Amino acid sequence: DTAVSQTPKYLVTQMGNDKSIKCEQNLGHDTMYWYKQDSKKFLKIMFSYNNKELIINETVPNRFSPKSPDKAHLNLHINSLELGDSAVYFCASSHGGGETEAFFGQGTRLTVV
Amino acid sequence: EDQVTQSPEALRLQEGESSSLNCSYTVSGLRGLFWYRQDPGKGPEFLFTLYSAGEEKEKERLKATLTKKESFLHITAPKPEDSATYLCAASSGAGSYQLTFGKGTKLSVIP
């Protein structure tokens, strides 16, 4: 029973392509997130959604577009991929906002060639 | 802007050699201080949440403590399976929907 699951786990694609990463949580949480972990292992928030509503949109290029069809899903679509987009992307979920712990998926390693 | 700084960046311990990891935070209105463990190729795994200065939490060989400016993760008699990167994160402000992470401490426990 995976609590937060992401697909795919690995994604290798060429520059200029468009790709999506899917995330689903079965914890009944109302808040979902996308984090980016760079090559130095630093985790940084990209987006937060609460009850399907965008709460936080950090300084991320508008080539990145999150979509939340329902409270259990938060997908990340990336247009016109660039070399610098290569990183590990983590989906997470929590109950409410920052006062409770977030649970993370296993990550999607995106490599742009 | 919220800041979380962890030290040391890397720590090598002999099995059984106790030590502490430090997390300094500068946030406006701390709502929660979180510790996570991350193994290579995996997502962060939740360990502890601390909410107020003086609070302590324990789990097996790990104990987390919190002051008004720092949090410590104490590791007592570590085993090789405790080797991982330990991440500290803070949330702040009313209606906060994000965690600000430190860069982590990579712990290696040598048999």
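It should be noted that the structure appears before, not after, this text.
Residues numbered from 1 in each chain as written. Chains lettered and ligands numbered in written order. Predicted model: local features only at pLDDT ≥ 70, side-chain atom pairs only at ≥ 80, totals over all residues. Heavy atoms only, no water.

Asks: Looking at this structure, how should I read the nonpolar core?
Replies: Here is a general trend for soluble globular proteins: nonpolar side chains tend to be buried in one another's company. Formed by 23 residues in total, the largest nonpolar core has its most connected members in Leu33, Trp35, Leu73 and Tyr86 of chain B. Of all elements in the fold, only strand E2 (10-14), strand E3 (19-26), strand E4 (30-38), strand E5 (45-50), strand E7 (62-66), strand E8 (70-75), strand E9 (84-92) and strand E11 (105-110) of chain B reach the threshold of two or more residues within this core. Looking at this core, the element that brings in the most residues is E9 of chain B, giving four residues. Ranked by size, the runner-up nonpolar core spans 20 residues in total, among them Leu11, Ile21, Cys23 and Met46 of chain A. (Core = buried A, V, L, I, M, F, W, Y, C linked by side-chain atoms within 4.5 Å. Buried < 20%, exposed > 50% of the residue type's maximum accessible area, 1.4 Å probe, protein only. Helix = DSSP H or I, 4+ residues; strand = E, 2+ residues; numbered from the N terminus.)

Asks: When you look at a positive patch on the surface in this model, what are you seeing that I'm missing?
Replies: Together, Lys9, Lys41 and Arg109 of chain A together with Lys42 and Lys106 of chain B make up a region of like positive charge exposed at the surface. Looking at the secondary structure, you find Lys41 of chain A in the loop between strand E4 (31-37) and strand E5 (43-50). For Lys41 of chain A, a relative accessible area of 46% translates into the label partly exposed. (Patch = residues over 30% accessible without salt bridge, like charges linked within 9 Å, V, L, I, M, F, W, Y side chains within 5 Å. Areas by Shrake-Rupley, 256 points an atom, 1.4 Å probe, with all protein chains shown as cover. Salt bridge = Lys/Arg side-chain N within 4 Å of Asp/Glu carboxyl O. Lys, Arg positive; Asp, Glu negative; His and termini not counted. Charge placed at Lys NZ, Arg CZ, Asp CG, Glu CD.)

Asks: Please explain the interface of chain A and chain B as it appears in this structure.
Replies: Interface size is commonly expressed as the accessible surface area that is lost when the partners come together. Taken together, the contact between chain A and chain B spans 25 residues of the former and 20 residues of the latter. Of the roughly 1800 Å² buried where chain A meets chain B, counting both sides, 58% is carbon and sulfur surface. Summed over the shared surface of chain A and chain B, the number is one salt bridge. A salt bridge links Glu99 of chain A to Arg31 of chain B; its shortest N-O distance comes to 3.0 Å. The tally of links from chain A across to chain B stands at seven residue pairs in polar contact (both at pLDDT 80 or more). (Contact = heavy atoms within 4.5 Å. Buried area = accessible area lost by both parts, 1.4 Å probe. Polar contact = N/O pair within 3.5 Å; in protein donor to acceptor, adjacent residues only side chain to side chain.)

Asks: Teacher, can you tell me more about the sheet that holds strand E7 (residues 64-70) of chain A here?
Replies: Strand-to-strand pairing in sheets goes through backbone hydrogen bonds, with the strands running parallel or antiparallel. All names here are of chain A. Pairing within the open sheet is antiparallel, and its four strands lie in the order E1-E3-E8-E7. Unpaired on one side and paired on the other, strand E1 (4-7) and E7 mark the two borders of the sheet. Here the strands of the sheet are splayed against their neighbours by 20° on average, with no regard to which way each runs. Relative to strand E8 (residues 73-78), strand E3 (residues 19-25) runs antiparallel, the two sharing four bridges. (Pairing = 2+ DSSP bridges. Axes fitted to C-alpha atoms, helices over the stretch in contact; angles between N-to-C directions.)

Asks: Looking at this model, I keep getting lost on the state of the cysteines. Mind explaining?
Replies: Disulfides are covalent bonds that link the sulfur atoms of two cysteine residues. Per the counting criterion, the structure on display carries two disulfides over all chains. Cys23 of chain A shares a disulfide with Cys91 of chain A; S-S distance 1.8 Å. Across the S-S bond of Cys23 of chain A and Cys91 of chain A the torsion is about -75°, and the bridge reads as left-handed. Separated by 68 residues along the polypeptide, Cys23 of chain A in strand E3 and Cys91 of chain A in strand E9 (residues 87-94) bring together distant segments of the chain. A relative accessible area of 2% means that Cys23 of chain A is categorised as buried. Since its relative accessible area comes to 0%, Cys91 of chain A is described here as buried. A sulfur-sulfur distance of 1.9 Å marks the disulfide that ties Cys23 of chain B to Cys88 of chain B. Across the S-S bond of Cys23 of chain B and Cys88 of chain B the torsion is about -60°, and the bridge reads as left-handed. (Disulfide = S-S within 2.5 Å.)

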